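The lines below spell out each chain.
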Amino acid sequence: LDWVPLILVAMLPVLGLLMVSNVRYTHIVSYFTARGQFATLVGVVFIIVLVLIAPVPFLFLFFVGICMSGPVLVVAAKLRSLRKRPA
């Protein structure tokens, strides 16, 4: 885990720029309310089990995933709009 501080230092300017940008993020609760109640229950239980088994790596990857979801969705939307544009 010696590489984690280096990754965090490298990500700091990127995260600072994302904080002041116009990149839209999806609210976490909307992921859980989009599906049915049973799927939501299974997802919540699965996340709780992961947090209990390995809290530090899971929470690190979870929050990095949240931070990266905004730029990934922006790039995906741009690619979709380029495909829909008539040639």
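Residues numbered from 1 in each chain as written. Predicted model: local features only at pLDDT ≥ 70, side-chain atom pairs only at ≥ 80, totals over all residues. Heavy atoms only, no water.

Considering all chains together, one arrives at 2 aromatic pairs under this definition. Here the aromatic cluster, defined as three or more aromatic residues joined through ring pairs, consists of F58, F62 and F63. (Phe/Tyr/Trp six-rings, centres within 6.5 Å; stacked < 30°, edge-to-face > 60°.)

This next bit is on the environment of V74. Positionally, V74 belongs in helix 4 (residues 55-84). Residue V74 is classed as partly exposed on the basis of its relative accessible area, which comes to 33%. Residues V74 and V23, spaced 51 residues apart in sequence, show a C-alpha to C-alpha distance of 7.1 Å. (Helix = DSSP H or I, 4+ residues; strand = E, 2+ residues; numbered from the N terminus. Buried < 20%, exposed > 50% of the residue type's maximum accessible area, 1.4 Å probe, protein only.)

What follows concerns the confidence of the model for the protein. Of the residues in the protein, 87% reach a pLDDT of 70 or more, and the chain-wide mean stands at 81. Element-level mean pLDDT values for the protein span from 67 in helix 2 (residues 28-33) up to 86 in helix 4. (pLDDT = per-residue confidence, 0-100.)

In this section: the packing of helix 3 (residues 37-53) against helix 4. For any two helices packed against each other, the geometry comes down to the angle between their axes and how far apart the axes lie. Interaxial distance between helix 3 and helix 4 falls to 6 Å at its minimum, and their mutual angle equals 125 degrees. Judged by the angle between their axes, helix 3 and helix 4 are oblique. When helix 3 is examined against helix 4, the residues I47, L50, V51, L52 and I53 are found in contact with a partner set consisting of P55, F58 and L59. Considered class by class, the residues forming the contact of helix 3 with helix 4 number 8 nonpolar, no polar and no charged. (Axes fitted to C-alpha atoms, helices over the stretch in contact; angles between N-to-C directions. Parallel < 35°, antiparallel > 145°, perpendicular 65-115°, else oblique. Contact = heavy atoms within 4.5 Å. Nonpolar A, V, L, I, M, F, W, Y, C, P; charged D, E, K, R; others polar.)

Before going further, it helps to spend a moment on the side chain of S69. Mapped onto the elements, S69 comes out in helix 4. Taking the relative accessible area as the measure of exposure, S69 reaches 17% and is therefore buried. Reaching out from S69, the side chain makes a polar contact with the backbone oxygen of I66 at a distance of 2.8 Å. (Polar contact = N/O pair within 3.5 Å; in protein donor to acceptor, adjacent residues only side chain to side chain.)

Turning to the environment of I66, a few remarks are in order. Positionally, I66 belongs in helix 4. I66 sits in the partly exposed class, given a relative accessible area of 27%. As a C-alpha pair, I66 and T26 span 40 residues in sequence and 8.8 Å in three-dimensional space.

Before going further, it helps to spend a moment on the packing of helix 1 (residues 4-19) against helix 4. In contact at an axis separation of 11 Å, helix 1 and helix 4 are set at 40 degrees when each is read in the N-to-C sense. With respect to their mutual orientation, helix 1 and helix 4 come out oblique. Viewed along their axes, helix 1 and helix 4 form a crossing whose handedness is left-handed. Side by side, helix 1 and helix 4 meet where L8, M11, L15 and L18 of the first sit next to F60, V64, C67 and P71 of the second. (Left-handed = near helix turned anticlockwise from the far one by under 90°.)

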